[in-house]
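As a plain string of letters, each chain reads:
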Amino acid sequence: MPSYCELCGGSTQGLKTVIIDGSIFNVCLSCSKRGKPYQPPIPKKQISNQPPKKQISNQPSTKKPFQKPTNLKFNKIEFFDDNVLKSDFADIIHNARLKKGYTQEYVANKINEKVTLFKKIETGGLKPNEIISKKLERFLGIQLYERLIEDDDEV
Ligand SMILES: [Zn+2]
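Just so it is clear, the model here is predicted, and its values are computed rather than measured. (Residues numbered from 1 in each chain as written. Predicted model: local features only at pLDDT ≥ 70, side-chain atom pairs only at ≥ 80, totals over all residues.)

**Student:** Mind showing me how you'd approach the overall build of the protein chain here?
**Tutor:** Assigned secondary structure in the protein chain consists of five helices and seven strands. Secondary structure elements of the protein chain, listed N to C terminal, follow the sequence β-β-β-β-α-β-β-α-α-α-α-β. Counting only residues that meet the buried cut, the protein chain has 13% of its 155 residues in that class. A fraction of 40% describes how many contacts in the protein chain between residues 6 or more apart in sequence connect residues 24 or more apart. (Helix = DSSP H or I, 4+ residues; strand = E, 2+ residues; numbered from the N terminus. Buried ≥ 20, exposed ≤ 12 C-beta atoms within 10 Å, placed from the backbone. Contact = placed C-beta atoms within 7 Å.)

**Student:** Sorry if this is basic, but what is going on with the pairing of strand β4 (residues 23-27) here?
**Tutor:** Looking along a regular strand, one sees the side chains alternate between the two faces of the sheet. Direction of pairing for strand β3 (residues 16-20) relative to β4: antiparallel, over a ladder of five bridges. Paired with Lys16 across the two strands is Val27, which belongs to β4. Taking the residues between adjacent antiparallel strands as the criterion, β3 and β4 are bridged by two residues, where Asp21 takes a positive phi near 55°. (Pairing = 2+ DSSP bridges.)

**Student:** How should unusual backbone geometry be read in this particular structure?
**Tutor:** Negative phi characterises most residues that are not glycine, and trans characterises most peptide bonds. In this structure, Asp21 is a non-glycine residue whose phi angle is positive, near 55°. Inspection of the secondary structure assignment puts Asp21 in the loop between β3 and β4. For Asn112, which is not glycine, the phi torsion reads 65° and is therefore positive. Residue position: Asn112 is located in the loop between α3 (104-110) and α4 (115-122).

**Student:** Would you mind going over the pairing of β3 with me for this structure?
**Tutor:** Note that β3 and strand β5 (residues 36-37) share two bridges and pair antiparallel. Residue pairing for β5: Ile19 is matched across the bridge by Lys36.

**Student:** Explain the sheet that holds β4 here, please?
**Tutor:** Whether parallel or antiparallel, the strands of a sheet pair through hydrogen bonds between backbone atoms. Taken in spatial order, the three strands line up as β4-β3-β5 in an open sheet, and their pairing is antiparallel. Edge strands, defined here as strands with exactly one partner in the open sheet, are β4 and β5.

**Student:** What am I meant to see in the nonpolar core here?
**Tutor:** In a soluble, globular protein the nonpolar side chains are often hidden away together inside. Judged by nonpolar contacts, Phe89, Ile93, Ala96, Val107, Ile111, Phe118, Ile121, Leu136, Leu140 and Leu144 together constitute the single largest core of 10 residues. Of all the elements in the fold, those that place two or more residues in this core are α2 (89-100), α4 and α5 (130-140). Counting residues per element, this core draws most heavily on α2, which supplies three residues. When neighbours within four sequence positions are excluded, Ile121 is seen to be in contact with Ala90, Ile93, Leu126 and Pro128. Counting five residues, the second largest nonpolar core, distinct from the first, contains Val18, Phe25, Val27 and Cys28. (Core = buried A, V, L, I, M, F, W, Y, C linked by C-beta atoms within 7 Å.)

**Student:** What exactly am I supposed to notice about α4 here?
**Tutor:** Residues that lie three or four places apart on an α-helix share one face, since the helix turns once every 3.6 residues. Listed in full, the buried residues belonging to α4 are Phe118, Ile121 and Glu122. An end-on view of α4 places all buried positions within 95° of arc, on one side of the element. Once α4 finishes, Gly124 follows within two positions and takes phi at roughly 80°, a positive value. (Arc of directions from axis to C-beta.)

**Student:** Please clarify how the confidence of the model for the protein chain should be interpreted in this entry.
**Tutor:** Should pLDDT be low for a region, the predicted coordinates there are not to be read in detail. Averaged over every residue, the pLDDT of the protein chain is 81; the share at 70 or more is 71%. Predicted confidence is poor over residues 73-80, with pLDDT under 50, and the contacts of this stretch with residues over four places away or in other chains come to one contact. (pLDDT = per-residue confidence, 0-100.)

Quick look at the structure:
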């Protein structure tokens, strides 16, 4: 594609861009000597290395406003004492005593309780308190208390 000098109109290879009288001309090599070399302004590259915008978290907050727990029930306390006196404690004591061949007086003396009290217990007329029960359990080798809660041993 031939190029033509804007000054002399001659065909030329390799136009020179010059400034002549403040105007830009594409001229031939000979005509370029009449002007000043034109330095095209270097287009400023768009600086694209801007720091990435910080992701502003606009996500709706999942935090719920603090609420006082109102449904806390301490059911556990109901099971604090999960050992209950066996209903047949009297028979257990009576049978254990007979097995050992102890008299009521002997047992009562050993557990440091009155015989009348022990008789009432052995006949079921009186429930032994925990201390007496423990003494009887230890002395007679019996168990008067049983766990109220069964262990979860489902097979
Ligand atoms: Zn020319």
